[in-house]
Amino acid sequence: MAQTDSQTFPEIVELNVGGQVYVTRLETLTAVPNSLLWTKFTQSSPTELPTDGKGRFFFDRDGFLFRYILDYLRDSELFLPEFFKERRRLQKEADFFQLPELSRRLAALSKESSYAEDSGEPEESELSSPVTSSSDRTPRSPGANFGYITIGYRGSYTIGRDIQADAKFRRVARITVCSKISLAKEVFGDTLNESRDPDRPPDKYTSRYYLKYNFLEQAFDRLAEAGFHMVACNSTGTCSYGSNDPGEDKLWTSYTEYVFSR
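Let me sum up the structure you'll find in this document. Here the structure is a predicted model, which is why all the values come from computation and not from measurement.

## So, the pattern of salt bridges
Under the defined criterion, the tally for this structure stands at 11 salt bridges. Of the charged contacts in the structure, one is a salt bridge between Arg 56 and Glu 14, with a shortest N-O distance of 3.6 Å. Of the two residues, Arg 56 sits in the loop between helix H2 (36-42) and strand E3 (57-59) while Glu 14 sits in strand E1 (residues 12-17), which places them 42 residues apart along the sequence. Residue class for Arg 56 comes out buried when judged on its relative accessible area of 12%. Here Asp 71 and Arg 74 are joined by a salt bridge, their closest N and O atoms 3.8 Å apart. Taken together, the residues Asp 71 and Arg 74, both in helix H3 (residues 66-75) and three residues apart, mark about one turn of the helix. Linked through salt bridges whose partners overlap, the residues forming this network are Glu 14, Asp 52 and Arg 56.

## Examining empty space enclosed by the protein
Applying the stated criterion across every chain, the model contains one cavity of 30 Å³ or more. Estimates place the volume of the largest cavity at around 40 Å³. When residues of the lining of the largest cavity are traced back to their parent elements, those giving at least two are strand E2 (20-25) and helix H6 (181-188). In terms of residue count, the dominant contributor to the lining of the largest cavity is H6 (three residues).

What counts and what doesn't
- Residues numbered from 1 in each chain as written.
- Predicted model: local features only at pLDDT ≥ 70, side-chain atom pairs only at ≥ 80, totals over all residues.
- Heavy atoms only, no water.
- Salt bridge = Lys/Arg side-chain N within 4 Å of Asp/Glu carboxyl O.
- Helix = DSSP H or I, 4+ residues; strand = E, 2+ residues; numbered from the N terminus.
- Buried < 20%, exposed > 50% of the residue type's maximum accessible area, 1.4 Å probe, protein only.
- 1 Å grid on protein atoms, 1.4 Å probe; cavity = no way out; pocket = protein on both sides within 12 Å on 5 of 7 lines; lining within 4 Å.
- Points joined across faces, edges and corners; volume = space filled by probe spheres on them.

Here's what the structure looks like:
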């Protein structure tokens, strides 16, 4: 982080929220008067706020859900994914950051969602705030929450001589996730292992995440709950022999990818 006067904050601020890095403008963080962020960045000096090892201002909160807090501060609106399951947790974050209007609207949306489930009506996923008038707002594209996630795995199995015996499958070693960072975290949350590609901003892409479990059906269930549908898949395989003896079991290795879209 660039060095600045110890008594003033830079125009562009870097944050570390629960291990997730965000870069935003100071005016965004101070958009709602009397909120916690407004207080921290207008009533304090940079030296009074905790920082991480790289000088980013640190907040020990949910790093994934903070993106929705920033969306609210930037646009005075909040668009949630269609199958968003963490409204209560997001409301808790809104309470922590002292955003009472956002908290109130999240509570109201939860009630509307419960009613919609009972009546069969589709739920509303757009939240507005009176920070600016509706005529001043620029609506976000409906496709902002759309995207692709590719799930991949490498497996192996053996087939007995002359294919007379049942195939012996080995456990899937690792399920990889390739997608935009924010989409991967929205769907898989804490079940993502980010150790091979840490500290990536939410708007970047990765092909190095993998899941902490080895059941494809569990990953598919999560994707289905988040509104994703499989649109393509492919697989390749190779066969190897331990020796030239044709009677020996054949060892096959394969790599398979499933492409999901929302």
